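# Overview (structure and organization)
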Amino acid sequence: MKAYLFPGQGSQKKGMGDSLFDEFPEMTATADEVLGYSIKELCLEDPDDLLEQTDHTQPALYTVNALMLMRHRADVGDGGPDYLAGHSLGEYNALSAAGAFDFETGLRLVRERGRLMSLVRDGAMAAVIGLEAEKIEILLQENGLTSISMANYNSPLQIVLSGGEEEIEKAGPIFKDAGVKHYRPLKVSAAFHSPYMKDAADAFARFAEPFTFGEPTIPVIANVTAQPHGKKDVKELLVAQITSPVRWTDTIRHLTEQGVTDFKSIGPGSVLTGLLRRIRMEEAEMREAKGNAPTAPQATDTPPPTDNKPPATDNSPPPTDNKPPATDNSPPPTDNGQPVTDNSPPPTDNGQPATDNSPPPTDNGQPATGPPPTTGLITPQNLGSPAFREAYNLKYAYLTGAMFRGIASKELVIAMGRAGMMGHLGTGGMELNEIEEAIRDIRAALDGKPYGLNLLHNHYDPDAEEKLIDLYLKHDVEHVEAAAYMQMTPALVRYRLTGLRREDGRITASHKVMGKISRPEVAEAFLNPAPERIVKKLLEEGRITKEQADLSKMMPMADAICAEADSGGHTDGASAYALFPAVHRLRDDMMEKYGYENQVFVGAAGGIGTPGSAAAAFVLGADFILTGSINQCTVEAGMSDVVKDMLQGMNVQDTDYAPAGDMFETGARVQVLRKGVFFPARANKLYDLYRYHNSVHEIDEKTKRQLQEKYFKRSFDEIWEETRTFFSQRDPEQIRRAEKSPKHKMALIFRWYFGHTTRIANEGIETEKVNFQVHTGPALGAFNQWVRGTDLEDWRNRHADQIGERLMQEASDLLNQRFAEMRPAHDGRL
């Protein structure tokens, strides 16, 4: 009888799959569509060492395993296996081969499995070679190592442990004293296949719930039980596999007991080939030591042809990068406990910072095709602060934020203003003449209705900030969204104080500032009066009047503070539930301290993309809410259709953090789209290179070639000439600094990449898709899930003003519903 075995993580290597991607274009195209990036490029070129990252490794290996099965079936035509099994990840290939689900379904499951496992950052693993499982358990119990459990039974004498970091380290001397051949901690980020993965397993269970699996047409041996899967337990066992040990030794024993003598490894490398030999050898040695004659049949393991190498037999070790198969002296398992047969470093889990994977709050249903009638006491119009709506002349306490380079376009701002809300033009990265033209168009279209403009702090060029303020004052721009400020600047103070006066005994400001903040200390700067030293200098320069200087002591720098939690673009990744109450209390304290005449409003932003999140913000006490990411995937947004198509398909987890190009040297971060692009990994690598090198010449030759050929697609010299031309016109001081400082020159070269990746994304250059830099946050992923199956699923039906109205309507309905549910049956009051 025959069994096909599929390897798991640890078998991946650059170049795997070879010509198979071209031989099976339909399967390759399906993988590209599901993953959002080129699977061929990942496997053959491995840009940025992504094959060493769990969230990329697992879908890549699953795909290559499947392609190699297709090749084997076409080449050999051996009638197929009698049994199937896979080590950890490989179990998904086994189930797909058995018809429990198709290739695409399996890939979607594996992609999420890899992502969730890459997010876990708790625990450690170690391999024990030379001691039976029963004796390992006794040692653990005798020494009180209660957090440690078995993760992989790879062979009778090769066991992988998972547990707490301290206990894994403490166990080393204990096992060595017991005479084990090897005890080696593994370079992993978490304790895989153990209870430490419970959160990942729970999240995976929620993800897998909607999927329907069929009964395997060929028996598939489950890792958890070492017994065949049944129709009803496939999903349950795949979830359990994440927290349970891989019982590979028992799996091979079961197959042998069923009469299997021909084992074929379907996948890259020969990990399972070596492991099968180890199991046979160790069992034979153990039987001999006990005085028993061998009884197990001698199986043959003949992997199918891969990478144009001849098939291996029992008498001819399979080729594995010119290294021999695993023996007692071979390196221990890596990552999820999968053994390896070469001396390459084990793949480490370089996944992204963990995020909240809980389902986004919704209204327990899909949005209606039109706003439903409001039946409770709360209406969309009375959400938030009445004083805020009156002060800003708005129908709804709802704003849209500025997205740079005109993504928050004049069309978007006009649509919001006409609907009784307020939008902010994304002026960052726009030329002054473009901004001036947009101001004229907006003013003409809105005819007195409110609008706002972005005032993005220019870390490198204060003069540019001054020129922007000159333009705003020239056109009497009343509202600005001040972003990326750590402290008050002369330009911002000048804007705030110009036109300040007393009317009817009250202080009146001609220019309203909304400080967009993600840290309480920055909020405090906006809640304080303008810094005296700046006011004094502006007065001396004649840029403000004596009356304005005196009045500045009695009013804060901002009329409103927007507490921005984890969001697209510049972000500190703050939690809304921690940040907003702290800022709200700070506002109250500062109002009391200074006795300000006018209320300073506090709004909420970051992560707002569904009625539930909007309602939560208002319950926390937000005077207004501001949305951002959900508006960049609308008809009005000044973003390319190519990017909008990508954004429409993203989910909550499809973002990542990368260095901010405009504040590169400081280490400030932005949140960007991760799905379908390599930008986050490449941007972070550039920042690491900047941190650890003093010039581009210190970088090793291999990396320099990679940067110029893969990242930039042009030489450092070409980039420098382009950069020199740019800054010679904009900021010559940067060139002078670079000529004196090789490190600053390297920073300018690297910063070119950030501008380039933004430009190609905005223009929608599809050939450069993997390099797109797209600022966005999880709110858009939550929004996409909320509108799935409705008219708003297609971004071409999304209009920013209609989204705002719908969110406010359904947030009010949700609050009415929730308060009604909490109201005692005998009490008629809310």
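Described below are features of the structure shown in this document. (Residues numbered from 1 in each chain as written. Predicted model: local features only at pLDDT ≥ 70, side-chain atom pairs only at ≥ 80, totals over all residues. Heavy atoms only, no water.)

### Focus on the environment of Asp-654
- Residue placement: Asp-654 occurs in the loop between α23 (641–648) and β21 (655–659).
- We classify Asp-654 as buried; its relative accessible area is 9%.
- A sequence separation of 22 residues divides Asp-654 from Gly-676, and the C-alpha atoms of the two residues are 9.0 Å apart.
- Discounting residues that sit within four places of it in the chain, Asp-654 has contacts with Gly-649, Val-672, Leu-673, Arg-674 and Lys-675. (Helix = DSSP H or I, 4+ residues; strand = E, 2+ residues; numbered from the N terminus. Buried < 20%, exposed > 50% of the residue type's maximum accessible area, 1.4 Å probe, protein only. Contact = heavy atoms within 4.5 Å.)

### Some remarks on the packing of helix α27 (residues 732–740) against helix α28 (residues 742–763)
- At a minimum axis distance of 5 Å, the contact between α27 and α28 shows a crossing angle of 125°. As summarised for this structure, α27 and α28 are arranged oblique, according to the angle between their axes. Residues Gln-734, Arg-737, Ala-738 and Lys-740 of α27 form the contact with α28, whose own contacting residues are Pro-742, His-744, Lys-745, Leu-748 and Arg-751.
- Class assignment of the residues belonging to the contact of α27 with α28 gives a composition of three nonpolar, two polar and four charged. (Axes fitted to C-alpha atoms, helices over the stretch in contact; angles between N-to-C directions. Parallel < 35°, antiparallel > 145°, perpendicular 65-115°, else oblique. Nonpolar A, V, L, I, M, F, W, Y, C, P; charged D, E, K, R; others polar.)

### A word on the packing of helix α5 (residues 90–97) against helix α10 (residues 234–241)
- Closest axis-to-axis distance for the α5/α10 pair is 11 Å, and the angle between their directions is 165°. Compared by their axis directions, α5 and α10 come out roughly antiparallel. Helix-helix and strand crossings are classified by hand; for α5 and α10 the assignment is left-handed. Within the contact between the two elements, α5 uses Glu-91, Tyr-92 and Leu-95 and α10 uses Val-234, Leu-238 and Gln-241.
- By residue class, the composition of the contact of α5 with α10 is four nonpolar, one polar and one charged. (Left-handed = near helix turned anticlockwise from the far one by under 90°.)

### Some details on the packing of aromatic side chains
- Evaluation of the coordinates by the stated rule reveals 27 aromatic pairs.
- Look at Tyr-37 and Phe-678: their rings are 6.2 Å apart centre to centre, the planes differ by 45°, and that puts the pair in the tilted class. Taken together, the residues Tyr-37 in the loop between α2 (25–35) and α3 (39–45) and Phe-678 in the loop between β22 (669–673) and α24 (679–692) connect sequence positions 641 residues apart. Comparing Tyr-37 with Phe-678, the two get one shared label, buried.
- Aromatic pair Phe-726 and Phe-727: ring centres 5.1 Å apart, planes at 90°, arrangement edge-to-face.
- Three or more aromatic residues joined by ring pairs form one cluster here, namely Phe-664, Phe-679, Tyr-687, Tyr-690, Tyr-711, Phe-712, Phe-716, Phe-750, Trp-752, Tyr-753 and Phe-754.
- The cationic tip of Lys-235 hangs over the ring face of Phe-213; the distance from NZ or CZ to the ring centre is 5.6 Å.
- Seen from the ring of Tyr-657, Arg-669 lies directly overhead, with NZ or CZ sitting 4.2 Å from the centre. (Phe/Tyr/Trp six-rings, centres within 6.5 Å; stacked < 30°, edge-to-face > 60°. Lys NZ or Arg CZ within 6 Å of the ring centre and 35° of its normal.)

### Comments concerning the pairing of β22
- Counting buried positions over the five residues of β22 gives four, a clear majority of the element.
- The sheet contact formed by β21 and β22 spans five bridges and is antiparallel. Within β22, the residue paired with Pro-659 across the bridge is Arg-669. (Pairing = 2+ DSSP bridges.)

### Structural notes on the pattern of salt bridges
- Taken as a whole, this structure holds 44 salt bridges when the rule is applied.
- Here Asp-645 makes a salt bridge to Arg-796, at a shortest N to O gap of 3.2 Å. One end of the pair, Asp-645, is in helix α23; the other, Arg-796, is in the loop between α29 (778–786) and α30 (800–822), and 151 residues separate them in sequence.
- Note on Asp-645: relative accessible area 39%, which makes it partly exposed.
- One connected set of salt bridges, linked through shared partners, spans Glu-466, Asp-470, Arg-494, Glu-541 and Arg-543. (Salt bridge = Lys/Arg side-chain N within 4 Å of Asp/Glu carboxyl O.)

### Some thoughts on a nonpolar patch on the surface
- Residues Val-619, Phe-819 and Met-822 make up a contiguous nonpolar surface patch of roughly 310 Å² in combined accessible area.
- Note that Val-619 resides in helix α22 (residues 611–620). (Patch = residues over 30% accessible without salt bridge, like charges linked within 9 Å, V, L, I, M, F, W, Y side chains within 5 Å. Areas by Shrake-Rupley, 256 points an atom, 1.4 Å probe, with all protein chains shown as cover.)

### A look at the environment of Asn-631
- Following the sequence through the fold, Asn-631 ends up in the loop between β20 (624–627) and α23.
- Judged by its relative accessible area of 0%, Asn-631 is buried.
- Considered as a pair, Asn-631 and Leu-412 are 219 residues apart in the sequence and their alpha carbons are 8.5 Å apart.
- Ignoring anything within four residues of it in the chain, the contact list for Asn-631 reads Tyr-398, Thr-400, Met-403, Leu-412, Ala-637 and Ala-800.

### Overview of the nonpolar core
- Within the largest apolar cluster, 106 residues are counted, with the highest numbers of intra-cluster contacts made by Tyr-398, Tyr-472, Leu-492, Val-493, Phe-526, Ile-561 and Phe-772.
- Each residue touching Leu-492, except ones within four places of it in the same chain, is listed here: Leu-455, Glu-465, Ala-482, Tyr-485, Val-513, Phe-526 and Met-557.
- One finds Leu-20, Val-220, Val-239 and Ile-266 within the second-largest nonpolar core, a separate group that totals 65 residues. (Core = buried A, V, L, I, M, F, W, Y, C linked by side-chain atoms within 4.5 Å.)

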